[in-house]
Amino acid sequence: MNRTARLLLLLAAVLVLGGVAVGATLHAAGRADRKDRTQAGGPEVASGPVRLDDPRHGLFRNMAWGPHRDEITAVPEGRLTGPRTASGVRCLRFHAASGTGICLQAVHGELRDTYRAVVLDNRLRERRHYDLAGTPTRARVSPSGRTVAWTVFVSGDSYAGTAFSTRTSVVDTRGRHLDANLETYALTVDRHRVRAVDINVWGVTFADDTHFYATAATAGKTYLVRGDRSTRTLRALHPNVECPSLSPDGTRIAYKKRIADADPDAPWRLYVLDLRTLRETATAEHRNIDDQAVWRDGHTLVYSLPGDYGSDLWTVPADGTGTPHRLLSAALAPVFSR
Amino acid sequence: MYLADGRPAPSPSVSPGGRRDGRGRRVRAAVPSTVLVLGAVSLITDISSEMVTAVLPLYLVAELGLSPLGFGVLDGVYNGVSALVRLVGGRLSDGGGGRGHKAVAAVGYGLSALCKPLLLMVHTLPLIGAVLAVDRTGKGLRTAPRDAMISLAAEPAARGRAFGVHRAMDTAGALCGPLVAFVLLRAAAEGYDAVFTVSFCVAVLGVVVLLLFVPGRALPAAEDTAGRGPAGPRTPVRALLRRPQVRRLTACAVLLGLTTVSDSFLYLALQRRLDLPAGWLPLLPLGTAAAYLSLAVPMGALADRIGRRRLFLAGHLVLLGAYGLLLAPFGGGAGLVCGVLLLHGAFYAATDGVLAAATADAVPEDARGSGLAVVQTGQTAARFVCSLAFGAAWTAWGDHTAVLAAAVGLALAAALSARLLRPAAPAPAPNSPSEHTP
C-alpha cells in the first residue's frame, strides 16, 4: 500500500469515527436537553420560597426532569405526591435539621468539575462552604443543627493503584472547628487500638453535637462505631454495619448489612439493630439497598432505590413487619420534620 | 511539531543531506518516523483511556449508584496480571523475525479499544472489574513489543531521545484525556455513554494509525551494538538473564524499584505533611505529569550523551531529593509542593524511557521484546512489593518514619546499583554503553 492510499484510509477512518463520536455526543446532549424539559405525567414543580424549619413540609432533592431537576424541593407532609416547590438550590446530597442544612454540590469549573459542601441557613442561603476532595456520597446534620458531617469518595489514596477510598469530615457550624478526616480519630476494635492505613470511615449519623455513629472499615471488615468528638475516638460496637441511621429516640440503628449468600453484585439488605441488646431485625425490604436510610418517625424507614428518573423513595416499617411501598418518585435525600 | 520547535539539531554534526532537506528532515534524522508514529498511537490511546479513567469514579457513584469501595484490592490484582501478561506479550512478539511486534501490539491496542463499548453494557462492579481486567491485559500485551519497535527503529546513539519523545507524547495524551472527558460532560450532562463511545472511536483511531503507518518489520536503524547473535529468536527468560548486562540491569531495576514509593503514597504523604486542602489531592498528579512531559525529551537526549545507566541512577537520586524535601523540617507551602512534584516528574523523565533505552542496549534484537518485558516486569513487581511494605511501615511508624525508611533504602539501593552498573573495564564510549559480546 502506498502512502497516498494509507492517508486516504486514515482520512476515511477519521471521518467515520468522528461521525460516530459527534453523533454519540449530540445524542447525549439531546437527552440532557430533554432532562431540562418537564416530562409529561411527572410531578408538578414550581419555584417558590422554601424554608428548612417548616414542620408542614418534607424536603428532598427533586430528580424529576425539567428546569428544577436536582433542586432542593418541598412538598406538604400530608400530601407527598402533591405539587413540589423548588428552592433553586441544587444539591447532589442534602440533609437538614433545626434550621441548618448541608448541601453537597457540584461546581462546574473551566477545566473540571469540583465539589463543595455548603452549610445553609434556614432560608437555604449559604453560610459558608468547604471544598471537597472527591465525589459526594453522604451528608448529615446533628439534631440541634449545630454540627454537620459529610463523606466523599476520594481516588488516588490507595497504594494499590487507581482505587477509591472515603473521607469523612465533621464541622461545628458555630465554632467553625473542622475535623477534616475522621480517620485521624483513634479507632478501637475489641478494646484494641487499630492503626492501619486502610481505615475508612463513612456515613455519620448524629446522637448529639458531640456523639455520633458511623461505619469504619479496615482489613475488609466493616463495623458500627460510636464516635466522640471531644475525645477524638471511634469505638467499634458491632460488625457488618454500613451507613447507619439512628432512630429519633436514639435506641436503634437502621443500616445496610452485607449478606453472605446474596448476589455479590447486590449484597446489601436493610436491617435494624437494637443498641441495647445488639439484636438485628431484618426489614421486609428484600431488595438490595445502597443508601443511608432516614427515619420518618419512630417506626418507619425511608430509603432510595433506582427508579425511572434516577431514584425513587420507598418506605418500610422498622420492626420487620409489613411490606415496602413507594413513597415518592423521582426523589432522593429526604428530610422529614420530627 | 513538538520536536521541531523544541530541539533544533546541533548544527556541526548535521549531515549535508539533512541540511539540504530543511528543518523537518533534520528532526526526522534524529527521531525516526516509526517512533513518531508509535508516539502518536500512544498519545491517541492515552487520550482514550484517560477519558474513561477520569470519569469512572463519577460514573460508578453518580450514574450506577455503586459504592466503589473494595475496588482497590481488585486493582492490585489486575496490576499483577498486567505485569505477567507483559512477559507473555514480550515473548510472543519476538517471533516471526520482527513481524510479531506489530501484530502483538495491535492485538493489545485492539483489546483495550473493545473494552470501551463493553463498559456501557455492564452495570455491576464485578463485570466492570472484568472489563477493566481485559483492558489491562491489552495494556500488558502491547507495552513490550511497542518499546521493542521504538528501540529497533532508533539509532542506538539516539535511543534515549527516541524513548523520551515517545514518553512525552504518551504523557501529553494522558493530560488531554480528562480534559476531553469533561468537555464532553459539559456538552451533555451525564453523557457517560458519549464519553465511552468517543473514547472507543479515539482508541480505534489509534489502532488504525498503528496498522497503517508502523512498518511491519522494524528495520534496525543502523548497526546495533547489542550484537546479533547467540540469543536466537526463542530466547527464554533464563538465557536472557544469563547475559551479565541484562542480569545487572534487572537487578538494579528491582533493587531501586523496591524503594520507589508509589505515586499515590507520595501524594498522600505530601498532602498530609503540608496539610494541603484535600481538594488539591487530584491536582498533584497533574504537576508530576507536566514536569515529566517537559523533561522527557531533554532527559532522553542527556541520557544519550552521558550514558543511559548513569542517568537512570541519577534519576533515582532526584527521587531521593524529593523524599528529602518531604522530610525537610521547614513548613513548606506552594514552593515545597512544586519542588517535590518537579523532582518527581524529573525522576520519571530520567528513568522511565531511559530504562527501556538502557535495556535495548543490553538485549539482542531478536529477543528485544522479551528483554524489555523482563526488566520492566521486574521493576513493576518490585514497586508493588514496595507499596505493600511502605503501607505496613506507615501503619507501624507513621508517614514521616516510613518516608525516612524509604529514603535510606533508596540511598543504599542507589549505592549498590552504582557498583553493579559500573562499566567493566575497558569502559565503553558513552554512546554505546553496552559491552560487546565476543
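A quick note: this is a predicted structure, and the numbers were derived from the prediction, not measured.

*Asks:* Pulling in residues and values, what's your account of the overall build of chain A?
*Replies:* The helix and strand tally for chain A stands at 1 helix and 27 strands. Its C-alpha atoms give chain A a radius of gyration of 22 Å, near enough to 20 Å, the size a compact globule of 338 residues would have. A principal-axis box enclosing the C-alpha atoms of chain A has dimensions of 80 × 50 × 45 Å. Among the 338 residues that make up chain A, the fraction classed as buried is 54%. Across chain A, contacts joining residues at least 24 apart in sequence account for 41% of those joining residues at least 6 apart. Carbon and sulfur atoms make up 52% of the accessible area of chain A, which amounts to about 15100 Å² in all.

*Asks:* How would you summarise the nonpolar core if you had to cite specific residues and measurements?
*Replies:* Ranked by internal contacts, the top residues of the largest apolar core, which has 126 residues, are Ile-102 and Trp-150 of chain A together with Phe-196, Leu-270, Leu-284, Tyr-323 and Phe-390 of chain B. In contact with Leu-284 of chain B, other than residues within four places in its own chain, are Tyr-267, Leu-270, Leu-276, Val-337 and Leu-341 of chain B. If you look at the next biggest cluster of nonpolar residues, it comprises 19 residues, including Leu-59, Met-63, Val-89 and Leu-120 of chain A.

*Asks:* Please set out the state of the cysteines residue by residue, giving values where relevant.
*Replies:* All names here are of chain B. On inspection of all chains with the given rule, the structure shows 1 disulfide over all chains. Note on Cys-115: no disulfide assigned, nearest cysteine sulfur contributed by Cys-201 at a separation of 15 Å. Sulfur of Cys-386: no disulfide; nearest cysteine sulfur belongs to Cys-252 and is 16 Å away.

*Asks:* Please set out a nonpolar patch on the surface residue by residue, giving values where relevant.
*Replies:* The grouping of Leu-8, Leu-11 and Leu-15 of chain A at the surface amounts to a nonpolar patch, some 320 Å² of accessible area in total. In this fold, Leu-11 of chain A is placed in helix α1 (residues 3–36).

*Asks:* Summarise the sheet that holds strand β4 (residues 84–90) of chain A; cite the residues concerned and give the values.
*Replies:* Residue and element names in this part refer to chain A. Taking strand neighbours across the sheet as the criterion, the 5 strands line up as β1-β4-β3-β2-β27 in an open arrangement whose pairing is mixed. The sheet is open, and its two edges are formed by β1 (45–47) and β27 (331–335), each paired on a single side. Going across the sheet, the axis of each strand differs from the next one's by a mean of 35°, ignoring polarity. When strand β2 (residues 57–62) meets β27, the two strands line up antiparallel, connected through 3 bridges. In the strand pairing of β27, Leu-59 is matched with Val-335.

*Asks:* Let's hear about the confidence of the model for chain A: which residues, and what values?
*Replies:* Taken over all residues, the pLDDT of chain A has a mean of 90, while the share at 70 or more is 95%. Within the model, the stretch residues 156–162 of chain A combines pLDDT values under 50 with 24 contacts to residues more than four positions away or in other chains.

*Asks:* Explain the packing of helix α16 (residues 368–397) of chain B against helix α17 (residues 399–421) of chain B residue by residue, including any values.
*Replies:* All names here are of chain B. α17 packs onto α16 with a crossing angle of 135° between their chain directions and a minimal axis gap of 7 Å. The angle between α16 and α17 falls in the class oblique. Helix-helix and strand crossings are classified by hand; for α16 and α17 the assignment is right-handed. Residues Phe-390, Ala-393, Trp-394 and Trp-397 of α16 lie in contact with α17, whose contacting residues are Asp-399, Thr-401, Ala-402, Val-403, Ala-405 and Ala-406.

*Asks:* Describe the packing of aromatic side chains, with residues and values.
*Replies:* Evaluated as defined, the whole model comprises 10 aromatic pairs over all chains. With a centroid separation of 6.0 Å and an interplanar angle of 35°, the aromatic rings of Tyr-292 of chain B and Tyr-348 of chain B are classed as tilted. One end of the pair, Tyr-292 of chain B, is in helix α13 (residues 284–306); the other, Tyr-348 of chain B, is in helix α15 (residues 334–362), with 56 residues separating them in the sequence. For the pair shown, Tyr-292 of chain B and Tyr-348 of chain B are each scored as buried. Between Phe-347 of chain B and Tyr-348 of chain B, the aromatic rings sit 5.0 Å apart at their centres with planes inclined by 50°, giving tilted as the arrangement. In this structure, Phe-347 of chain B and Tyr-348 of chain B share a single accessibility class: buried. Cluster of aromatic residues (ring-pair linked, three or more members): Tyr-185, Phe-206 and Phe-212 of chain A. The ring of Tyr-271 of chain A has Lys-257 of chain A sitting right over it, with the charged end atom 4.9 Å from the ring centre. The ring of Phe-336 of chain A is capped by Arg-296 of chain A, whose NZ or CZ atom sits 5.0 Å from the centre of that ring.

Rules used throughout
- Residues numbered from 1 in each chain as written.
- Chains lettered and ligands numbered in written order.
- Predicted model: local features only at pLDDT ≥ 70, side-chain atom pairs only at ≥ 80, totals over all residues.
- Heavy atoms only, no water.
- Helix = DSSP H or I, 4+ residues; strand = E, 2+ residues; numbered from the N terminus.
- Rg over C-alpha atoms; globule rule 2.2 N^0.38 Å.
- Buried < 20%, exposed > 50% of the residue type's maximum accessible area, 1.4 Å probe, protein only.
- Contact = heavy atoms within 4.5 Å.
- Areas by Shrake-Rupley, 256 points an atom, 1.4 Å probe, with all protein chains shown as cover.
- Core = buried A, V, L, I, M, F, W, Y, C linked by side-chain atoms within 4.5 Å.
- Disulfide = S-S within 2.5 Å.
- Patch = residues over 30% accessible without salt bridge, like charges linked within 9 Å, V, L, I, M, F, W, Y side chains within 5 Å.
- Salt bridge = Lys/Arg side-chain N within 4 Å of Asp/Glu carboxyl O.
- Pairing = 2+ DSSP bridges.
- Axes fitted to C-alpha atoms, helices over the stretch in contact; angles between N-to-C directions.
- pLDDT = per-residue confidence, 0-100.
- Parallel < 35°, antiparallel > 145°, perpendicular 65-115°, else oblique.
- Left-handed = near helix turned anticlockwise from the far one by under 90°.
- Phe/Tyr/Trp six-rings, centres within 6.5 Å; stacked < 30°, edge-to-face > 60°.
- Lys NZ or Arg CZ within 6 Å of the ring centre and 35° of its normal.

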